[in-house]
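Close look at the chain arrangement
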Amino acid sequence: MDRWQAMRVFVRVAEGGGFAEAARQLHLSPPAVTRAVAALEARIGARLLTRTTRSVKLTEAGGRYLEDCRRILAEIAEAEAAAAGSYATPSGTLTVTAPVQFGRLYVLPVITEYLAHHAAVSAQALFLDRIVNMIEEGADVGVRIGALADSGLAAIRVGTVRRVLCAAPAYLDRHGTPGTVRDLRDHAVIGSASTGPGTVALRPRLTCNTIDAVLAAALAGQGLAQLLSYQVAPAVAEGRLRLVLDDPEAAAMPVHVVSPEGRRAPAKVRAFIDLAVARLRADPRVNPTRS
């Protein structure tokens, strides 16, 4: 195994937390993975990983070497892509990840517009309500809502969202519109098991495990729902829901477009990032400063 391939194996072991997982991802045998890392350590003259029966951890030298390996491998990939033409012309398969409803409402239209302009690209939409490990799951571009962990991803901020309270006009006509937080004690509340605690402590009469179910119940006039602004924006714009106790200054959560490779990515990724950033920043439901 040549040196750059051994470096690639080492990066997978370090990022995946184990030899067996790296072997599975790279379609190699576990002994081959072990030999590759051992050969690197022998060549360098320093231990890169500390192995226990339950985990694999980077040494101090291993942490520094990991960053160098990532940089070197990215430069190799860039050189190969440039030689093959993919750095200049979008081609291949593009995988985009985002939260389920945000993806359906705001990212999918960007994907379809992108595909209309780039015939040599196919796309996979990976919409999940969990943080996706983009490297392990092969995602090229993602949309993240909330504070970003120090993950090493290249990130471009495109807007903000916040928590809001809303209800159907029919419900508010029957039960009145709450004027203060104390008034909420007299109202039926629809809660979501998937969004976690909100800005207002509410005791739900109905709890649903999906955002779509919460929205459906709110639209049916079953009570007040506390959701994220982007989730209710279409229904609010159509007049099917009204915001109550609305505070435009409520704590905002940033929305970012992220990528493991950033500007070093091939053309298919860079072209999609450029389009996604432009479209999301221009959307007042995502970027309220444009409204």
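Residues numbered from 1 in each chain as written. Predicted model: local features only at pLDDT ≥ 70, side-chain atom pairs only at ≥ 80, totals over all residues. Heavy atoms only, no water.

Across a sheet, paired strands are connected by hydrogen bonds in the backbone, their directions being either parallel or antiparallel. The mixed open sheet is built from five strands, whose spatial order is β9-β8-β10-β7-β11. Among the strands making up the open sheet, the edge pair consists of β9 (206–208) and β11 (242–244). Going from strand to strand, the sheet's axes swing by 40° on average, the running direction of each strand aside. In this structure, strand β8 (residues 189–192) lies alongside strand β10 (residues 224–228), joined through two bridges in parallel fashion. Within the sheet, the bridge partner assigned to valine 189 lies in β10 and is leucine 224. Of the strands in this sheet, β8, β9 and β10 are in contact with helix α7 (residues 211–219), which crosses β8 at around 170°. Against the sheet, helix α8 (residues 229–237) contacts β7 (163–167), β10 and β11, and its axis sits at roughly 120° relative to β10. (Pairing = 2+ DSSP bridges. Helix = DSSP H or I, 4+ residues; strand = E, 2+ residues; numbered from the N terminus. Axes fitted to C-alpha atoms, helices over the stretch in contact; angles between N-to-C directions. Contact = heavy atoms within 4.5 Å.)

What follows deals with the environment of alanine 74. Take alanine 74: it is sitting in helix α4 (residues 60–84). Using a relative accessible area of 27% as the deciding quantity, one classes alanine 74 as partly exposed. Separated by 49 residues in sequence, alanine 74 and alanine 123 have C-alpha atoms that sit 22 Å apart. (Buried < 20%, exposed > 50% of the residue type's maximum accessible area, 1.4 Å probe, protein only.)

This next bit is on the packing of helix α5 (residues 100–117) against α8. Helix-helix packing is described using two parameters, namely the angle between the two axes and the distance between the axes. Packing of α5 against α8 brings their axes to within 9 Å, and their N-to-C directions diverge by 50°. It follows from the interaxial angle that α5 and α8 lie oblique. Both α5 and α8 take part in a crossing whose hand is left-handed. Here α5 contributes Gln101, Phe102, Leu105 and Tyr106 to the contact with α8, which in turn contributes Tyr230, Gln231, Ala233 and Pro234. (Parallel < 35°, antiparallel > 145°, perpendicular 65-115°, else oblique. Left-handed = near helix turned anticlockwise from the far one by under 90°.)

The next thing to look at is the sheet that holds strand β6 (residues 154–161). Judged by pairing direction, the sheet is mixed, and its five strands sit side by side in the order β4-β3-β5-β12-β6 without closing on themselves. The open sheet has two edge strands, β4 (121–127) and β6, and neither has a second partner. Going from strand to strand, the sheet's axes swing by 20° on average, the running direction of each strand aside. Two elements, β6 and strand β12 (residues 253–259), share seven bridges in a ladder whose sense is antiparallel.

The subject of this paragraph is the packing of aromatic side chains. Scanning all chains against the criterion turns up five aromatic pairs. Seen in terms of ring centroids, phenylalanine 10 and tyrosine 65 are 5.5 Å apart; in terms of plane orientation they differ by 45°. Their pairing is tilted. Pair noted here: phenylalanine 10 is in helix α1 (residues 3–16) and tyrosine 65 is in helix α4, with a separation of 55 residues, a long-range link. Measuring from centroid to centroid gives 4.9 Å for phenylalanine 102 and tyrosine 106, while their planes differ by 45°, and the two rings are tilted. You can see phenylalanine 102 and its partner tyrosine 106 sitting in helix α5, four residues apart, about one turn around the helix. Given the relative accessible area of 0%, phenylalanine 102 is considered buried. In this structure tyrosine 106 comes out as buried when scored by relative accessible area, which is 4%. Three or more aromatic residues link up through ring pairs in this structure, and these residues are Phe102, Tyr106 and Tyr230. (Phe/Tyr/Trp six-rings, centres within 6.5 Å; stacked < 30°, edge-to-face > 60°.)

Structurally, threonine 160 is set in strand β6. The class of threonine 160 is buried, set by a relative accessible area of 19%. Not counting chain neighbours up to four residues away, the residues in contact with threonine 160 comprise Ala252, Met253, Pro254, Val255, Val286 and Pro288.

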